[in-house]
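# Topology and contacts: notes
Residues per chain, in single letters:
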Amino acid sequence: MTTNRILFATDYSKASEDALRVASSLARDTGAILVVLHVSKLEEQPEGELLEGTPEPPQQDWDRLHQVQPDGGQIPCEYRLVRFKPPGEAQIIVDVAKEEGVEMIVIGTHGRTGLSRLIAGSVAEEVIRHANCPVVAVRQTSPEYEPTLNIQG
């Protein structure tokens, strides 16, 4: 399988750290560029404010994003920071994947079940349902286990 671009979506959680290891391995094994994406929780246009154009994310948001580094180095990376906007994170991830022409998305999942999943929903699950490319969902693991793969697509 030849993959030129892999999108890795991060929310800076433990689940994302686990997913980064998998994304790094896939990028290294396929020679792909890793596109690291974070959807900032700050709204694109804060409610009630009149702004011309879209404000740039603060420098500290860019600095934090650039701290996300693939395992093992030597993996070319590009960084994308997108402000939150309706309909939500999952659709933004799917849209960026299309815009970037990626062949695969790697995303962490917290592995919630039952009522907590019903209330919180699952960004990873929505991405899997709506993406036009394969999605690798990596479930958050405990420290003694390696991440597990759930490949859909």
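Residues numbered from 1 in each chain as written. Predicted model: local features only at pLDDT ≥ 70, side-chain atom pairs only at ≥ 80, totals over all residues. Heavy atoms only, no water.

## Quick word on the nonpolar core
Membership of the largest hydrophobic core comes to 20 residues, with the highest contact counts inside it found for I6, F8, L34, V36 and V106. Per element, the largest residue contribution to this core is five residues, and it comes from helix α1 (residues 14-30). (Core = buried A, V, L, I, M, F, W, Y, C linked by side-chain atoms within 4.5 Å. Buried < 20%, exposed > 50% of the residue type's maximum accessible area, 1.4 Å probe, protein only. Helix = DSSP H or I, 4+ residues; strand = E, 2+ residues; numbered from the N terminus.)

## Quick word on the pattern of salt bridges
With the rule as written, the count across this model stands at seven salt bridges. A salt bridge links R5 to E78; the shortest N-O distance between them is 2.8 Å. On the criterion of sequence distance, the pair formed by R5 in strand β1 (residues 5-9) and E78 in strand β3 (residues 77-84) is long-range, its members being 73 residues apart. R5 gets classed as buried once you look at its relative accessible area, which sits at 15%. A residue is classified by how much of its surface remains accessible, and E78, at 23% relative accessible area, is partly exposed. (Salt bridge = Lys/Arg side-chain N within 4 Å of Asp/Glu carboxyl O.)

## Looking at the environment of V94
Note on placement: V94 falls in helix α3 (residues 89-100). What makes V94 buried here is its relative accessible area of 2%. Along the backbone, V94 and E126 are 32 residues apart, and their C-alpha atoms lie at a distance of 9.2 Å. Sequence-distant contacts of V94, defined by excluding residues within four places in its chain, comprise V127, H130 and A131. (Contact = heavy atoms within 4.5 Å.)

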